[in-house]
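# Coordinate inspection notes
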Protein chains: 2
Amino acid sequence: MSQTVRQLKFGLFLQAAGHHVAGWRHHEAQAGSENFELIQQLAQTAERAKFDMVFLADGLTTSPDSPASVVARFEPITLLAALSKVTERIGLAVTASTTYYEPFNLARLLASVDLLSRGRAAWNVVTTSTLSAAQNFNRDQHEEHGIRYERAEEFVEVVKGLWDSWEEDPYIVNKTTGDYIDRNKLHTLNHAGKYYSVKGPLNVTRSPQGHPVVIQAGSSDTGQDLAARIGEVVFTAQQTLEEAQLFYSSLKGRLQQYGRSPEHLLILPGLLPVIGKTEREARDKYEYLQSFVDDSRAIASLSERFQFDLSGYSLDDQLPDIPESNGRKSRPQLLLNLARREGLTLRQLYKEVAGARGHRIVVGTPVQIADHIEKWFAGNGADGFNIMPPYVPGGLEDFVDGVIPELQSRGLFRTEYEGRTLRENLGLPIPVNRYTRVETK
Amino acid sequence: MSQTVRQLKFGLFLQAAGHHVAGWRHHEAQAGSENFELIQQLAQTAERAKFDMVFLADGLTTSPDSPASVVARFEPITLLAALSKVTERIGLAVTASTTYYEPFNLARLLASVDLLSRGRAAWNVVTTSTLSAAQNFNRDQHEEHGIRYERAEEFVEVVKGLWDSWEEDPYIVNKTTGDYIDRNKLHTLNHAGKYYSVKGPLNVTRSPQGHPVVIQAGSSDTGQDLAARIGEVVFTAQQTLEEAQLFYSSLKGRLQQYGRSPEHLLILPGLLPVIGKTEREARDKYEYLQSFVDDSRAIASLSERFQFDLSGYSLDDQLPDIPESNGRKSRPQLLLNLARREGLTLRQLYKEVAGARGHRIVVGTPVQIADHIEKWFAGNGADGFNIMPPYVPGGLEDFVDGVIPELQSRGLFRTEYEGRTLRENLGLPIPVNRYTRVETK
């Protein structure tokens, strides 16, 4: 397939009870974040549509009030390992926090999934900022935002260093001489930094794509800087094309100073599509889903989200001024902008957030959804999207059977995978091993 | 199937380059600890033979001198997750160290594999004592033996507590009322101990077998005490029936004080079978394998194993007196006994260890191997064995096609799985959830 025309990239943000908080209550919905058959069906549907990857979020806590998709679920690294055996070509992206893992363990787990899938793994690098997570890891408070990012950056440096432990093709396996591996292709990292001392080497070799693809989701200024240095895919929440364009140009503009090319970082905003045969049917479907949203916990939930006590306010009040918090910085700002721009009451804001957690919701026919996607793509607001079906499997099937063919007919999306690894399909370079000497290439 | 006669239990100790250090050099051998197809074939062969489980060891380091089976390999938890999708009934046991994991992360990973496999997971609890591992985890020395065990015990307590976070059948999924889970079935651990503070709850529900089966491999006095409290399967290295019987009665004798029944802890010594159609053929095969053992690193390797400098000795010397070390305590003692009993030189000891790392090697026809197994089983030296094929896949196929039918014809081993979970097949009880009130049962 010729790649003369820039092509869309798609992730399936896989939540097996749907992305809409009440999506599981849709009469056609199935729900089961611990139902492997359902998850397998979703991944295979995305693969049939030639999506670049399935994407799994993660969380280190739960409570009886957690949404259906996350109250209980498979641990995502083990889930991807299982999915690697029931899929062939689709990428497998997993979120894992640098805050509560040891870099050696995480480097190993991810390298192993990358090998099991023959070069289809990606790692969404996040930090964890909630007190409830800290309390599962022997701590009574979480780290300050800046330190968390500094540690994250060193963590990624160590992980990438460990992923370079082995050069390509280290196996000799000569039964006569007894040489099993090429000793010269195994390297010791000897990392000694501010936060981590990790000697290495790693006991997993490189996959066909070199390293798992690195995904970054931070949209704050600190987050963008980190993304510009280490990110190859960036997930982001953007409500308007103007905001998306600003973010897109700001982030892509930071790449040159790190010697990176703009096409080697792909920006994929989240998109929750609500699809109907007619616009009216789509709007009815959205209203139907919204009718299930219980706003009895709205004040508590918004207070948690903004890390600001809203208990003195009524659901009919507008959002007051809210100071910066030490938690996630970019998402609250986005919601603040949204509430101000649309003049939303707290109830309206809560119901909007319940739908897509701040990601853009688009309601319409397959052609209207495709128009939206093409407009953002052509307008340099996005390189593609992370698709968040409001309920499953129907919400995904509507997209795959309606929107994808429309985009293919416009020449904007592949009809067959270009390669066998995730990097090949995303058009990302294989990282050069730091130990591969120039003269041996 | 009637269970009136006590039945053997078998694990396949899966090493995809074989257990004999030079097994991969056998002309029929395949080798590939990163070759999923080979590993899948081995697991499916063991399942065809109705083995109780496949068992994966683990290690947190490597070097160019590491044996073929471990120099590079899949991370075992992700490997088991992948194997759960290409097997149906066989148990999936994985080794994971309490020394360098966070209990919350490990509890989650293992619970997830247990769910993915529908109740077929087991966890081999180990501690890690090597300096080279410590150096991969920000430390410059490893912990003292006693503290490592004390921490391990609290670690297991936390993990089991997290595994009780959810009572059975917590899903309601009522689309009309909006009740997704039964809030009363989710519990917060609030563990605050000497080494760990972990609040909980875990965000993975219970599998059909309740918890993963807990395996313990420590054979020292401290290790036996821990096994008596928490172990459900014990892997051990035993060279003679007399030693095995002593260990068996010593460990089973410790169970009553913890209110446990002797049949709820199964003792499986390692066994490396070298099988031929005739005894002569088997002996020739063993000699052939031994002929590949390179003893140029014998002194260095034995020094490492005993944590004692043997560089002043020659390969023709006998083993000198060696003081207790801070590392693994039981295996060096076993090798010391072996060397004394057989009057081995350092070269002979090294070659014996190279074969099976201290585990018992039995060389003979299928009937002779079956005789050995029956003698140890009937003589209360073992409840079954962890089978260590010297090379693969032939070494496993010889056992499966020769020894297993012989044991089945003697009525000592199943011809069909009794149940769908590992606990059902091993005859182990489902752990009662600590939060399940008596009146609700």
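Residues numbered from 1 in each chain as written. Chains lettered and ligands numbered in written order. Predicted model: local features only at pLDDT ≥ 70, side-chain atom pairs only at ≥ 80, totals over all residues. Heavy atoms only, no water.

## As for the interface of chain B and chain A
Between chain B and chain A, the contact holds 74 residues from the first and 74 residues from the second. Interface area for chain B against chain A, summed over the two sides, is near 6100 Å², with a carbon-plus-sulfur share of 55%. The largest per-residue losses of area from chain B upon contact with chain A belong to Trp-24, Lys-175 and Tyr-180 of chain B, which jointly make up 12% of the total buried on that side. Between the two partners, chain B and chain A, sit six salt bridges. Between Arg-108 of chain B and Asp-58 of chain A there is a salt bridge, and its shortest N-O distance comes to 2.6 Å. Counting across the chain B and chain A interface gives 39 residue pairs in polar contact (both at pLDDT 80 or more). Every element with two or more residues in the side of chain B that touches chain A is listed here: helix 1 (36–48), helix 2 (76–83), helix 3 (103–116), strand 5 (171–174), strand 6 (179–181) and strand 8 (197–198) of chain B. (Contact = heavy atoms within 4.5 Å. Buried area = accessible area lost by both parts, 1.4 Å probe. Salt bridge = Lys/Arg side-chain N within 4 Å of Asp/Glu carboxyl O. Polar contact = N/O pair within 3.5 Å; in protein donor to acceptor, adjacent residues only side chain to side chain. Helix = DSSP H or I, 4+ residues; strand = E, 2+ residues; numbered from the N terminus.)

## Re the side chain of Gln-15 of chain A
Residues and elements named next belong to chain A. Turning to its location among the elements, Gln-15 is positioned in the loop between strand 1 (9–13) and helix 1 (36–48). Among the residues examined, Gln-15 registers a relative accessible area of 10% and is labelled buried. Looking at Gln-15, its side chain comes within polar contact range of the side chain of Ser-69, at 3.5 Å. Those residues in contact with Gln-15 that sit more than four places away from it in its chain are Ser-69, Val-70, Arg-357 and Val-392. (Buried < 20%, exposed > 50% of the residue type's maximum accessible area, 1.4 Å probe, protein only.)

## Digging into the relation of the copies chain B and chain A
In summary, the two copies of the chain are related to each other by a rotation about an axis coupled with a shift along it. With an RMSD of 0.0 Å, chain B superimposes on chain A once it is rotated by 180° and translated 0.0 Å along the axis. Expressed as an axis order, the relation between the two copies is that of a two-fold axis. Ranked by how close their C-alpha atoms come to the rotation axis, the residues of chain B are headed by Ala-82 of chain B, at 2.2 Å. Comparing interface residues between copies, 100% of those in chain B also sit at the interface in chain A, which points to an isologous, same-surface contact. (Least-squares fit on C-alpha atoms with pLDDT ≥ 70 in both.)

## Considerations on the pattern of salt bridges
Residue and element names in this part refer to chain B. By the definition in use, this model includes 54 salt bridges over all chains. Salt-bridge contacts for Arg-254 lead to Asp-225; the nearest nitrogen and oxygen are separated by 3.1 Å. Highlighted residues: Arg-254 in the loop between helix 7 (241–253) and strand 11 (266–275) and Asp-225 in helix 6 (residues 221–230), separated in sequence by 29 residues. Given the relative accessible area of 14%, Arg-254 is considered buried.

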